[in-house]
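# Examination of the molecular architecture
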Amino acid sequence: MRSAPTDHRTVIQRRIRGAERDLVTLSHRIHAHPELAFEEVRASTWVAQQLSAAGFDVEHGCYGLSTAVRATVGSGPLHVAVCAEYDALPGIGHACGHNVIAAAAVGAGVGLAGLADDLGLTVTVLGTPAEEGGGGKILMLERGAFEGVDAAMMVHPAATEMDAMPGTAVSQFDIRYRGTPAHAGAYPERGVNAADAMTVAQVAIGLLRQQTTGSDRIQGIVTEAGSAANVIPESSRGRWIVRSDSVEALAPLASRVARCFEAGALATGCELTTTPVGPDYADLRPDPTLLALYRANAEALGRTFPSLPDGAAVGAATDMGNVSHAVPAIHPMLGLDCAPAVNHQREFTAACVTPAADRAVLDGALAMAWTAADLATAAVRTS
């Protein structure tokens, strides 16, 4: 393995700063054209084009996903993957800042592209669709995208800087009750009320919350509960999310929630159908070595990591959690100094194209690229 150049940090910084306009433009462009999970046609195309221009060997539409991207440069023995996300949220656009994530990932790739072989690196930037519920990284993981990868990383904007997001394990599913319609005034006894079944389940879940831990979360919305007040509802639907600290804790909690929905069916005589929405997300387990390298590099750029109160960001989840169970990985948060606006609010959507967000793109790219280079030079010293 060849020794890394002593000025590799300066070269990486120069390359990323030289691409500043293109990276910020990419972030703003994705933000201005939000696309939902698995529909990120424009965003994935722009990411692929920018990486191709930087000298990467790019495959667009891979692992059975039309909006997945795999871009690779270098042929060194240490393989580092940088993950880009670019899907938006329904109704509120890029309220989780995936435009920043995508641009920072591309920036890290640009910074490392010219030095990969000298550093002994293979660098892969993975465009990962459908983080918001679709589990794009999980599908890509199952289909071999992370095979041979020694370390994986990404950055994510938030209101406050964090080196490690306390990501939880999540299961998401659709619920449907089917009953029998009837005239609600003349023949109510002939109906089987699907809306009542959903109500019974919600009451049961409300009572269950008394026996869950402080970090467990059970969330849901009713998307259908009848269409006319004088008709016994034949159908009701909802989407529900169950969260817990770990995959080990998630399974028994999800089972208890399932019994609440079964209670609704039993009490009313409705038929119950439960349909998973994407794969389950695992809890995030950051690698301590990568984390220490990243934090030092972020602090070298002037970023600070304030002490957070207990329970801060509990309940957040990412499909990067599943990756972290398979390979050493990190998922630090880039503070945008936008409090009280937080992720998944319209105010946070606006915060993701501010000067603070543009700085986060560049700092995130540079901190990740330096971390990959530091990992490579450490491998050189121990080889």
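Figured I'd write up the structure that's included with this text. All figures in this text were calculated on a predicted structure; none of them were measured in a lab. (Residues numbered from 1 in each chain as written. Predicted model: local features only at pLDDT ≥ 70, side-chain atom pairs only at ≥ 80, totals over all residues. Heavy atoms only, no water.)

### Here's the deal with the overall build of the protein
- Secondary structure summary: the protein contains twelve helices and twelve strands in total.
- In terms of C-alpha radius of gyration, the protein reaches 23 Å, essentially the compact-globule figure of 21 Å for 383 residues.
- Expressed as lengths along the three principal axes of its C-alpha atoms, the size of the protein is roughly 85 × 40 × 35 Å.
- Looking at the 383 residues of the protein, the share that counts as buried comes to 54%. (Helix = DSSP H or I, 4+ residues; strand = E, 2+ residues; numbered from the N terminus. Rg over C-alpha atoms; globule rule 2.2 N^0.38 Å. Buried < 20%, exposed > 50% of the residue type's maximum accessible area, 1.4 Å probe, protein only.)

### Brief notes about the packing of aromatic side chains
- Taken as a whole, this structure holds two aromatic pairs when the rule is applied.
- Seen from their ring centres, Phe173 and Phe261 are 6.0 Å apart, and the 90° between their planes marks the pair as edge-to-face. Here Phe173, found in strand E7 (residues 169-178), pairs with Phe261, found in helix H8 (residues 247-268); they are 88 residues apart in sequence, far enough to count as distant. For the pair formed by Phe173 and Phe261, the shared burial category is buried.
- Here Trp240 and Phe261 contribute two aromatic rings whose centre-to-centre distance is 5.4 Å and whose plane-to-plane angle is 70°, an arrangement assigned as edge-to-face. You can see Trp240 sitting in strand E9 (residues 235-244) and its partner Phe261 sitting in helix H8, a full 21 residues away along the chain.
- Residue classification places Trp240 among the buried residues on the basis of a relative accessible area of 4%.
- What makes Phe261 buried here is its relative accessible area of 1%.
- Cluster of aromatic residues (ring-pair linked, three or more members): Phe173, Trp240 and Phe261.
- One residue, Arg9, lies across the ring of Trp370, its end atom 3.9 Å from the ring centre. (Phe/Tyr/Trp six-rings, centres within 6.5 Å; stacked < 30°, edge-to-face > 60°. Lys NZ or Arg CZ within 6 Å of the ring centre and 35° of its normal.)

### What to know about the side chain of His156
- Mapped onto the elements, His156 comes out in strand E6 (residues 156-158).
- Given a relative accessible area of 5%, His156 falls into the buried group.
- Each residue touching His156, except ones within four places of it in the same chain, is listed here: Glu85, Cys96, His98, Ile101, His331, Pro332, Met333, Leu334 and Asn343. (Contact = heavy atoms within 4.5 Å.)

### Some words on the pattern of salt bridges
- Applying the stated criterion to the full structure yields 15 salt bridges.
- Arg303 serves as the salt-bridge partner of Asp363, at 2.8 Å between the closest nitrogen and oxygen. Highlighted residues: Asp363 in helix H12 (residues 355-382) and Arg303 in the loop between helix H9 (288-300) and helix H10 (320-326), separated in sequence by 60 residues. An identical accessibility class is assigned to Asp363 and Arg303; each is buried. (Salt bridge = Lys/Arg side-chain N within 4 Å of Asp/Glu carboxyl O.)

### A short note on the sheet that holds strand E1 (residues 57-62)
- As summarised here, the arrangement of the six strands in space is E1-E2-E4-E3-E5-E11, forming an open sheet in which the pairing is mixed. With partners counted over all chains shown, the strands left at the sheet margins are E1 and strand E11 (329-330), one partner each.
- Looking at chain direction, E1 and strand E2 (residues 65-73) are connected through five bridges and run antiparallel. The residue of E2 that forms the bridge with Glu59 is Arg70.
- Sheet contacts for helix H4 (residues 98-113): E2, strand E3 (78-84) and strand E4 (121-127); angle to E3, the most-contacted strand, approximately 150°. (Pairing = 2+ DSSP bridges. Axes fitted to C-alpha atoms, helices over the stretch in contact; angles between N-to-C directions.)

### Details of unusual backbone geometry
- For the bond from Ala339 to Pro340, the omega torsion is 15°, close enough to zero to count as cis.
- Tracing the backbone through its elements, the reader meets Pro340 in the loop between strand E12 (333-335) and helix H11 (346-351).
- Look at Tyr63: it is not a glycine, yet its phi comes out positive at around 55°.
- Residue classification places Tyr63 among the buried residues on the basis of a relative accessible area of 18%.
- Even without glycine at this site, Asp337 takes up a positive phi of about 50°.
- You can see Asp337 is positioned in the loop between E12 and H11.

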